[in-house]
Amino acid sequence: MAKKVVATLSKGDTVKLTKLIQVKKSTKTGAYTFRSKIVPSELIKEMVSSKI
């Protein structure tokens, strides 16, 4: 039987986080690499537009 777990990590001021997954193609081999980061939702547009 499965248990339902409800957890609160913090109370009060909470920051909304989003998982960002970026795909990059290697010029050398042509293979795709994936990078994932957890960033605040306010910074998503900045992270997507940057070419890091």
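What comes next concerns the included structure. (Residues numbered from 1 in each chain as written. Predicted model: local features only at pLDDT ≥ 70, side-chain atom pairs only at ≥ 80, totals over all residues. Heavy atoms only, no water.)

Attention now moves to the overall build of the protein. Along its length, the protein carries one helix and two strands. Written out in order from the N terminus, the α and β elements of the protein read β-β-α. For the protein, the proportion of its 52 residues judged to be buried stands at 8%. Contacts spanning at least 24 positions in sequence make up 24% of the contacts within the protein whose residues lie at least 6 apart. Of the roughly 5,300 Å² of accessible surface on the protein, a fraction of 59% belongs to carbon and sulfur atoms. (Helix = DSSP H or I, 4+ residues; strand = E, 2+ residues; numbered from the N terminus. Buried < 20%, exposed > 50% of the residue type's maximum accessible area, 1.4 Å probe, protein only. Contact = heavy atoms within 4.5 Å. Areas by Shrake-Rupley, 256 points an atom, 1.4 Å probe, with all protein chains shown as cover.)

What follows concerns the environment of Leu20. Here Leu20 shows up in strand β1 (residues 17–25). Note on Leu20: relative accessible area 10%, which makes it buried. When residues no more than four places from it in sequence are discounted, the contact partners of Leu20 are Arg35, Ser36, Lys37, Val39, Ile44, Met47 and Val48.

Further remarks concern a nonpolar patch on the surface. Judged by side-chain polarity, Ile21, Val23, Tyr32 and Phe34 come together as a nonpolar surface patch covering roughly 470 Å² of accessible area. Elements that contribute at least two residues to the nonpolar patch include exactly β1 and β2 (32–40). As for its placement among the helices and strands, Phe34 is situated in strand β2. Residue classification places Phe34 among the exposed residues on the basis of a relative accessible area of 60%. (Patch = residues over 30% accessible without salt bridge, like charges linked within 9 Å, V, L, I, M, F, W, Y side chains within 5 Å. Salt bridge = Lys/Arg side-chain N within 4 Å of Asp/Glu carboxyl O.)

Bridge count for β1 against β2 is nine bridges, and the pairing is antiparallel. Each residue of the ladder has a partner; that of Lys25, found in β2, is Tyr32. In this antiparallel pair of consecutive strands, β1 and β2, the connection spans six residues, and Gly30 shows a positive phi of 85°. (Pairing = 2+ DSSP bridges.)

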